[in-house]
Amino acid sequence: MSKNKPQSPIIEPLRQAVKACGISRLQLSKEAGVVRQSIIRFERGDNVRSDVLEKLATYFGLELQPKSKDR
């Protein structure tokens, strides 16, 4: 992930949830419905597809929402 690119506010709480869940990446991948390699990439801070983020967020009871535009 580019270090200059701002992160979504959900990324850090989601990363913490993955780290603290206490189950293996394989088990998490099966339960959340994503491939294990996507979890590894996410933990490393690499870009992952939005559907992977959505599935992980849903699994952990978090919600992805579009950024509101201040006008």
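As a reminder, the structure under discussion sits directly above these lines.
Computed from a predicted model, the values in this text were never measured in an experiment.

## Overview of the packing of helix H1 (residues 11–20) against helix H3 (residues 36–44)
Part 1 of the argument: Look at H1 against H3: their axes get within 10 Å of each other, and the N-to-C directions meet at 120°. Our classification of the angle between H1 and H3 gives oblique. Note on packing geometry: the crossing formed by H1 with H3 is left-handed. Of H3, the residues touching H1 (which contributes Ile11, Leu14, Arg15 and Val18) are Ile39, Phe42 and Glu43.
Part 2 of the argument: In the contact of H1 with H3, the residues fall into five nonpolar, no polar and two charged.

## A word on the packing of aromatic side chains
Part 1 of the argument: Counted by the stated rule, this structure contains one aromatic pair.
Part 2 of the argument: On the basis of an interplanar angle of 85° and a centroid distance of 4.9 Å, the ring pair of tyrosine 59 and phenylalanine 60 is categorised as edge-to-face.
Part 3 of the argument: Under the relative-accessibility criterion, phenylalanine 60 is labelled partly exposed at 22%.
Part 4 of the argument: Sitting above the plane of the phenylalanine 42 ring, arginine 15 keeps its charged end 4.8 Å from the centroid.

## Section: helix H2 (residues 25–32)
Part 1 of the argument: Taken as a whole, H2 has its buried residues at Leu28, Ser29 and Ala32. The arc enclosing the buried residues of H2, seen along the axis, measures out at 100°, which places them on a common side.
Part 2 of the argument: Residues of H2 that are buried sit in contact with H1, H3 and helix H4 (50–59).
Part 3 of the argument: Looking one or two residues beyond H2, the residue adopting positive phi is glycine 33, at roughly 80°.

## Structural notes on the pattern of salt bridges
Part 1 of the argument: Counted under the stated rule, the structure contains four salt bridges.
Part 2 of the argument: Residue glutamate 12 is joined to arginine 15 by a salt bridge in which the shortest nitrogen-to-oxygen separation is 3.8 Å. Here arginine 15 and glutamate 12 lie together in helix H1, a separation of three residues that amounts to about one turn.
Part 3 of the argument: The partner of arginine 49 in a salt bridge is aspartate 51, with the nearest N and O atoms 2.7 Å apart.

## A few points about H4
Part 1 of the argument: Those residues of H4 lying buried are Val52, Leu53, Leu56 and Ala57. Down the axis, H4 shows its buried residues gathered within 130° of arc, on one side only. In this structure, H4 carries Ser50 and Thr58 as exposed residues pointing more than 90 degrees from its buried face.
Part 2 of the argument: Among the structural elements, H1, H2 and H3 are those in contact with the buried residues of H4.
Part 3 of the argument: Phi turns positive, to about 75°, at glycine 61, one or two residues after H4.

The rules behind each value
Throughout, residues of each chain are indexed from 1 in the direction in which the sequence is written. Given that this is a predicted model, residues contribute local features only at a pLDDT of at least 70 and side-chain atom pairs are listed and counted only at 80 or more, while totals for whole chains, interfaces and linings are drawn from all residues. As a rule here, side-chain values cover all heavy atoms of the structure and leave hydrogens and water aside. Note on definitions: angles span 0 to 180 degrees between N-to-C directions of axes, and those axes are lines fitted to C-alpha atoms, for helices only across the stretch in contact. Per the convention used, a helix needs a DSSP run of H or I reaching at least four residues, while a strand needs a run of E reaching at least two, with both numbered from the N terminus. Angle categories are assigned with fixed cut-offs, so that under 35 degrees is roughly parallel, over 145 is roughly antiparallel, 65 to 115 is roughly perpendicular, and the rest are oblique. For any pair of crossing helices, the crossing counts as left-handed if the nearer helix is rotated counterclockwise from the farther one by less than a right angle, and right-handed if it is rotated clockwise. The contact criterion used is simple: two residues touch if any of their non-hydrogen atoms lie within 4.5 Å. Side-chain classes follow a simple rule in which Ala, Val, Leu, Ile, Met, Phe, Trp, Tyr, Cys and Pro form the nonpolar group, Asp, Glu, Lys and Arg form the charged group, and the remainder, Gly included, forms the polar group. For Phe, Tyr and Trp, where Trp contributes only its six-membered ring, two rings pair if their centres lie within 6.5 Å, and the inter-plane angle classes them as stacked under 30 degrees, edge-to-face over 60, or tilted in between. Per-residue accessibility, obtained with a 1.4 Å probe over protein chains only, is compared with the maximum for each type, and a residue is labelled buried under 20%, exposed over 50%, and partly exposed between these values. In this analysis the charged atom, NZ for Lys or CZ for Arg, is taken to sit over a ring once it is within 6 Å of the ring centre and within 35 degrees of the ring normal. Here, the arc refers to the directions that run from the helix axis to the C-beta atoms. Salt bridge, as applied in this entry: a Lys or Arg side-chain nitrogen positioned within 4 Å of an Asp or Glu carboxyl oxygen.

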